[in-house]
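# Breakdown of the fold
So you can see what is in the structure, the chains are spelled out below.
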Amino acid sequence: KADGAFSRLVGLPPELLDRIDDALRELAASPLELGKKACFPYPPKGQMYSFHRDHGGVRYYFVAFYYFADDEKTLRVYVGRSSRSLMRVIRSGCWGSSG
């Protein structure tokens, strides 16, 4: 699964990858404020950060799963593309309507 997620990110336009990098830098700066506790069907330990970026008239959805390393300073982050319908499920089922 990880190889498939990576290949989906690799295939994205370079400009969009730069915008994803910006989102991850925002997450690194404020992980407690931006993240939400992960819930089913995702791994129960750790946090989730969902975001979208528009590029070329298309909206792309992403979810970053992360947890703090033992030093409590380092974030271990895994990013994958998501779907709009999945984002609705995450927001309504796990996080309430405010997302």
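You'll find the structure just up there.
Below you will find a few notes about this structure. Since we're looking at a predicted model, the values are computed, not measured.

### Structural notes on helix 2 (residues 14–29)
Along its 16 residues, helix 2 runs 23 Å from first to last C-alpha, staying within 8% of the 22 Å computed at 1.5 Å per residue. Those residues of helix 2 that sit buried are L16, I20, A23 and L27. Axial view of helix 2: buried residues confined to an arc of 55°, hence all on one face. Exposed residues pointing more than 90 degrees away from the buried face of helix 2 are listed as P14, D18, R25, A28 and A29.

### Focus: the nonpolar core
Core analysis: the largest hydrophobic core is formed by 13 residues, its most contacted members being L9, L12, L16, I20, Y49, F51 and F62. Looking at this core, the elements that each hand over two or more residues are helix 2, strand 2 (47–55) and strand 3 (58–68). Sequence-distant contacts of L12, defined by excluding residues within four places in its chain, comprise L17, I20, Y60, F62 and R81.

### Observations regarding unusual backbone geometry
The phi dihedral of E72 falls on the positive side, at around 60°, and the residue is not glycine. Structurally, E72 is set in the loop between strand 3 and strand 4 (75–82). What makes E72 exposed here is its relative accessible area of 64%.

Conventions and cut-offs
- Residues numbered from 1 in each chain as written.
- Predicted model: local features only at pLDDT ≥ 70, side-chain atom pairs only at ≥ 80, totals over all residues.
- Heavy atoms only, no water.
- Helix = DSSP H or I, 4+ residues; strand = E, 2+ residues; numbered from the N terminus.
- Expected span 1.5 Å × (residues − 1).
- Buried < 20%, exposed > 50% of the residue type's maximum accessible area, 1.4 Å probe, protein only.
- Arc of directions from axis to C-beta.
- Core = buried A, V, L, I, M, F, W, Y, C linked by side-chain atoms within 4.5 Å.
- Contact = heavy atoms within 4.5 Å.

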